[in-house]
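Geometric and topological summary
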Amino acid sequence: TNGTAANLTTADAITYTVEVTPAADGPVSLEVPAGAAQSAAFNPNAASNLASVTHDATAPAGHGVAWTTDPVNAGNMMAAGFGLSAAEVGAAFGYTITSDGGAGSVTGAGTVASADQAVAGIDVAALPDGTLTLALTLTDPAGNAAPAVSDTVAKDTALPGATVATAAADPTNASPIVFSIVFSEPMTGAALTAGALTVTNGTAANLTTADAITYTV
């Protein structure tokens with residue numbers, strides 16, 4: 001069933017081998033019907049059992065992968081993660097993560113337990129800062145491998161520097177005293193507030209910036 005038999009051979013008229021070419025993915029079965037052959041006494045054979053195996057020559061398809069840790073920074077680089085979507089349950093997955101900032105890679109593997117599956121706890125601390133590329137392949141239980149799917153994410157673990165200065169004379173009788181704060185990169189992740197500043201013998205107010213790099217307070 002679901003195939004074509006050919007190249008039937010035997011060396012002793014007892015044990016035979018036959019090649020069955022599947023017609024499509026799915027169960028492929030073979031049986032010997034009653035009366036297909038005769039013994040030396042011309043007695044017809046009894047019907048055999050039915051032997052069956054599932055043919056699968058189709059690689060997994062339609063799945064995707066996406067970083068769930070975005071961006072990768074100093075706080076999460078030792079526990080990064082990604083998600084699989086529409087993956088074939090039971091397939092094995094293998095992944096490689098590289099950085100365009102330098103050499104090295106992080107690899108891992110597992111088995112798809114659900115079509116939409118999270119993979120977490122990946123340590124990418126050893127990879128240089130830059131764009132991280134995740135490449136993942138799926139291989140089904142029959143050994144069919146799908147082309148790699150991929151996703152990218154930025155990794156930036158450098159802690160921004162900050163410099164505080166004032167143009168006021170020292171000593172000064174000015175009040176308020178205007179200070180400037182200059183960061184080494186734009187602080188667009190979480191806004192700086194006056195309440196977050198450590199002030200000795202004073203109160204900070206009127207914190208302003210035009211570019212999230214240079215502030216006055």
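As shown above, the structure is provided for reference.
Notes on the structure in this doc start here. All figures in this text were calculated on a predicted structure; none of them were measured in a lab.

1. Here's the deal with the nonpolar core
Core analysis: the largest hydrophobic core is formed by 24 residues, its most contacted members being Phe82, Ile97, Val124 and Leu136. At the level of secondary structure, the elements contributing two or more residues to this core comprise strand 5 (64–67), strand 6 (80–85), strand 7 (92–99), strand 9 (117–122), strand 10 (130–139) and strand 11 (149–155). Counting residues per element, this core draws most heavily on strand 10, at four residues. Setting aside chain neighbours within four positions, we find Ile97 in contact with Trp67, Gly104, Ser105, Val106, Ile122, Val124, Leu127, Leu132, Thr133 and Leu134.

2. Remarks on the sheet that holds strand 6
Strand order in this open sheet of three strands is 5-6-9, and the pairing throughout is antiparallel. What marks the edges here is a single partner per strand, and that holds for strand 5 and strand 9. Neighbouring strand axes in the sheet, compared pairwise and without regard to direction, differ in orientation by 20° on average. Examined bridge by bridge, strand 5 and strand 6 share four bridges and lie antiparallel to one another. Of the residues in strand 6, the one forming a bridge with Gly64 is Ser85.

3. Concerning the packing of aromatic side chains
The description of an aromatic ring pair rests on the distance of the ring centres and on the angle between the ring planes. Under the definition given, this model contains two aromatic pairs. With a centroid separation of 5.2 Å and 75° between ring planes, the pair formed by Phe82 and Tyr95 is classed as edge-to-face. Here Phe82, found in strand 6, pairs with Tyr95, found in strand 7; they are 13 residues apart in sequence, far enough to count as distant. What makes Tyr95 buried here is its relative accessible area of 10%. With 5.6 Å between their ring centres and 80° between their planes, Phe183 and Tyr215 make a pair best called edge-to-face.

4. What about the environment of Gly35?
In this structure, Gly35 sits in the loop between strand 3 (26–30) and strand 4 (51–55). By relative accessible area, Gly35 is classed as partly exposed at 45%. Separated by 10 residues in sequence, Gly35 and Asn45 place their C-alpha atoms 5.1 Å apart. The residues touching Gly35, leaving out its near neighbours within four places in the chain, are Pro44 and Asn45.

5. Focus: the pairing of strand 6
Buried residues dominate strand 6, accounting for five of its six residues. Where strand 6 and strand 9 come together, four bridges link them in antiparallel fashion. Counterpart to Gly83 in the pairing with strand 9 is Ala118.

The rules we used
Residues numbered from 1 in each chain as written. Predicted model: local features only at pLDDT ≥ 70, side-chain atom pairs only at ≥ 80, totals over all residues. Heavy atoms only, no water. Core = buried A, V, L, I, M, F, W, Y, C linked by side-chain atoms within 4.5 Å. Buried < 20%, exposed > 50% of the residue type's maximum accessible area, 1.4 Å probe, protein only. Helix = DSSP H or I, 4+ residues; strand = E, 2+ residues; numbered from the N terminus. Contact = heavy atoms within 4.5 Å. Pairing = 2+ DSSP bridges. Axes fitted to C-alpha atoms, helices over the stretch in contact; angles between N-to-C directions. Phe/Tyr/Trp six-rings, centres within 6.5 Å; stacked < 30°, edge-to-face > 60°.

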